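Listed below are the residues making up each chain.
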Amino acid sequence: MGKLDGKVAFITGAARGQGRSHAIRLAEEGADIIAVDICAQLESVSYPMGTETELDETVAAVEALGRRIVARQADVRDVTELRKAFADGTAELGPVDIVLANAGIGAGGATVAEEQEWDEVVAVNLTGVWNTGRVAIPSMLERKQGGAIVLTSSTGGMAGVGIPTAGFLGYTAAKHGVIGLMRSWANYLAPHNIRVNSVAPTAVRTPMAGDGNLSAIMERSPALASALSNAMPVDLVEPVDISNAIVWLVSDDARYVTGSVIPVDAGQLNKR
């Protein structure tokens, strides 16, 4: 028996990285998955973003565990696309119990106007999280069976990163906003037994962090090196480290945990 047997989870940004890890880890615990990803490149993002092929790989990984999955391309900035993906998933798998608003970008390094850089990172990392909630929450309220929501923030959502570029400023502002949104939803939804929490990872071994080439990135920016320096002797944590924290948060093991930020940061915030 798994901790999440019979549950259905709605996960954004699921083509690869943390989102794929979350889908696999929740499936290992018995959940069926509605997986969403834009599968397209944004101009402000300098690293390659997820693809249709990678979303298909997430599907294959979940199905290999004997769980059901419905995957759709959808942009979290577009609430109409997101609603369609959610409706397709629930029509096949049933109502959603778990929501993981994971989709996010790290803007910076691309040759676009700073206004575009700011707009895209805030739109994905904050408006996209709000869209994810407003798509899923009404059905959870209507069902009256409780549930669990986890919003992905960052250590950058709990401390200021002293890099005055549009991408870093927008990222930090959006991730702070995610925590405020989490706290507001947690208070609103607590009487309905819907718990809302946030995870705040340090740098994670994904394409956003150069798939492990973080040292080269940090060498080019001493301010970034200082902001991402962990207390424990590790530059990056693994996606599954975040997934394990999320499994705990959405399971009955954390049944009275709501309105909390859980850092998975190798002690980074404690150094500040």
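Higher on the page you've got the structure.
Nothing here was measured: the structure is a model prediction, and the numbers come from that model.

Draft legend 1. Region of interest: the sheet that holds strand S1 (residues 8-12). Taken in spatial order, the seven strands make up an open sheet running S3-S2-S1-S4-S5-S6-S7, and their pairing is parallel. Looking at strand neighbours, the two that pair on one side only are strand S3 (69-73) and strand S7 (261-264), the edges of this open sheet. Strand-to-strand twist of the sheet, defined as the mean angle between neighbouring strand axes without regard to direction, takes the value 15°. Judged from the three bridges that link them, S1 and strand S4 (residues 98-101) form a sheet pairing that is parallel. Following the sheet pairing, Ala9 is matched in S4 by Ile98.

Draft legend 2. Just the packing of aromatic side chains, in detail. Taken as a whole, this structure holds one aromatic pair when the rule is applied. The ring of Trp130 has Arg134 sitting right over it, with the charged end atom 3.9 Å from the ring centre.

Draft legend 3. The arrangement of helix H3 (residues 79-93) in detail. Between its first and last C-alpha atoms H3 spans 21 Å; for 15 residues at 1.5 Å apiece the expected length is 21 Å, and the two agree. All of the buried residues along H3 are Val79, Leu82, Ala85, Phe86, Asp88, Gly89 and Leu93. If you follow the buried residues of H3, they end up packed against S1, strand S2 (32-37), S3 and helix H4 (114-143). Where H3 begins, the capping side chain belongs to Asp78, and its oxygen is found 3.0 Å from the backbone nitrogen of Thr80.

Draft legend 4. Layout of the pairing of strand S5 (residues 147-152). S5 sits mainly inside the fold: six of its six residues count as buried. Covered by surrounding structure in S5 are Gly147, Ile149 and Leu151 together with Ala148, Val150 and Thr152, the residues of both alternating faces. Where S4 lies against S5, four bridges are found, and the strand directions are parallel. The partner of Val99 across the bridge, within S5, is Ile149. Considered for its hand, the β-α-β crossover made up of S4, H4 and S5 is right-handed. Of the pairings in the sheet, the one linking S5 to strand S6 (residues 194-201) comprises six bridges and is parallel in character. Residue Ala148 lies in a different strand from S6, and its bridge partner there is Arg195.

Draft legend 5. Main features of the nonpolar core. Phe10, Ile105, Ile149 and Leu151 are the most contacted members of the largest nonpolar core, which totals 44 residues. Elements represented by at least two residues in this core include exactly S1, S2, H3, S4, H4, S5, helix H5 (166-189) and S6. Every residue in contact with Ile149, bar those within four places of it in the chain, is listed here: Val99, Ile137, Met140, Leu189, Ile194, Arg195, Val196 and Asn197. The next biggest cluster of nonpolar side chains, apart from the first, holds 32 residues, and it includes Ala9, Ala15, Val247 and Ala254.

Draft legend 6. Up close: the pattern of salt bridges. Inspection of every chain in the model, using the stated rule, returns twelve salt bridges. Here Arg72 ties to Asp88 by a salt bridge, and the two come within 3.0 Å at their closest N and O atoms. Taken together, the residues Arg72 in strand S3 and Asp88 in helix H3 connect sequence positions 16 residues apart. Between Arg205 and Glu238 there is a salt bridge whose closest N-O contact spans 2.8 Å. Remark: Glu238 occurs in the loop between helix H7 (222-227) and helix H8 (239-250) and Arg205 occurs in the loop between S6 and helix H6 (214-220); sequence separation between them is 33 residues. Residue class for Glu238 comes out partly exposed when judged on its relative accessible area of 31%. What you see here is one network of salt bridges that share partners, running through Arg25, Glu28 and Glu29.

Draft legend 7. Structural context of the packing of H4 against H5. Closest axis-to-axis distance for the H4/H5 pair is 8 Å, and the angle between their directions is 15°. It follows that H4 is roughly parallel to H5 by the angle criterion. For the crossing formed where H4 meets H5, the hand is right-handed. When the residues that make up the contact of H4 with H5 are grouped by side-chain class, the tally is 18 nonpolar, five polar and four charged.

Draft legend 8. Structural context of the packing of H3 against H4. H4 packs onto H3 with a crossing angle of 40° between their chain directions and a minimal axis gap of 9 Å. Between H3 and H4, the interaxial angle falls into the category oblique. For the element pair H3 and H4, the recorded crossing hand is right-handed. Residues Val79, Leu82, Arg83 and Phe86 of H3 form the contact with H4, whose participating residues are Asn131, Thr132, Arg134, Val135, Ala136 and Ser139. Split by residue class, the contact of H3 with H4 holds five nonpolar, three polar and two charged.

Draft legend 9. Molecular detail of the side chain of Asn230. Looking at where Asn230 falls in the secondary structure, it is placed in the loop between H7 and H8. With relative accessibility at 9%, the residue Asn230 sits in the buried group. A distance of 3.4 Å separates the side chain of Asn230 from the backbone oxygen of Asp235, its partner in a polar contact. For Asn230, the side chain forms a polar contact with the side chain of Gln268, separated by 3.3 Å. Apart from the residues within four sequence positions on either side, Asn230 is in contact with Thr202, Asp235, Leu236, Asp265, Ala266, Gln268 and Lys271.

Calculation criteria
Residues numbered from 1 in each chain as written. Predicted model: local features only at pLDDT ≥ 70, side-chain atom pairs only at ≥ 80, totals over all residues. Heavy atoms only, no water. Pairing = 2+ DSSP bridges. Helix = DSSP H or I, 4+ residues; strand = E, 2+ residues; numbered from the N terminus. Axes fitted to C-alpha atoms, helices over the stretch in contact; angles between N-to-C directions. Phe/Tyr/Trp six-rings, centres within 6.5 Å; stacked < 30°, edge-to-face > 60°. Lys NZ or Arg CZ within 6 Å of the ring centre and 35° of its normal. Expected span 1.5 Å × (residues − 1). Buried < 20%, exposed > 50% of the residue type's maximum accessible area, 1.4 Å probe, protein only. Contact = heavy atoms within 4.5 Å. Polar contact = N/O pair within 3.5 Å; in protein donor to acceptor, adjacent residues only side chain to side chain. Right-handed = clockwise from strand over helix to strand, strands pointing away. Core = buried A, V, L, I, M, F, W, Y, C linked by side-chain atoms within 4.5 Å. Salt bridge = Lys/Arg side-chain N within 4 Å of Asp/Glu carboxyl O. Parallel < 35°, antiparallel > 145°, perpendicular 65-115°, else oblique. Left-handed = near helix turned anticlockwise from the far one by under 90°. Nonpolar A, V, L, I, M, F, W, Y, C, P; charged D, E, K, R; others polar.

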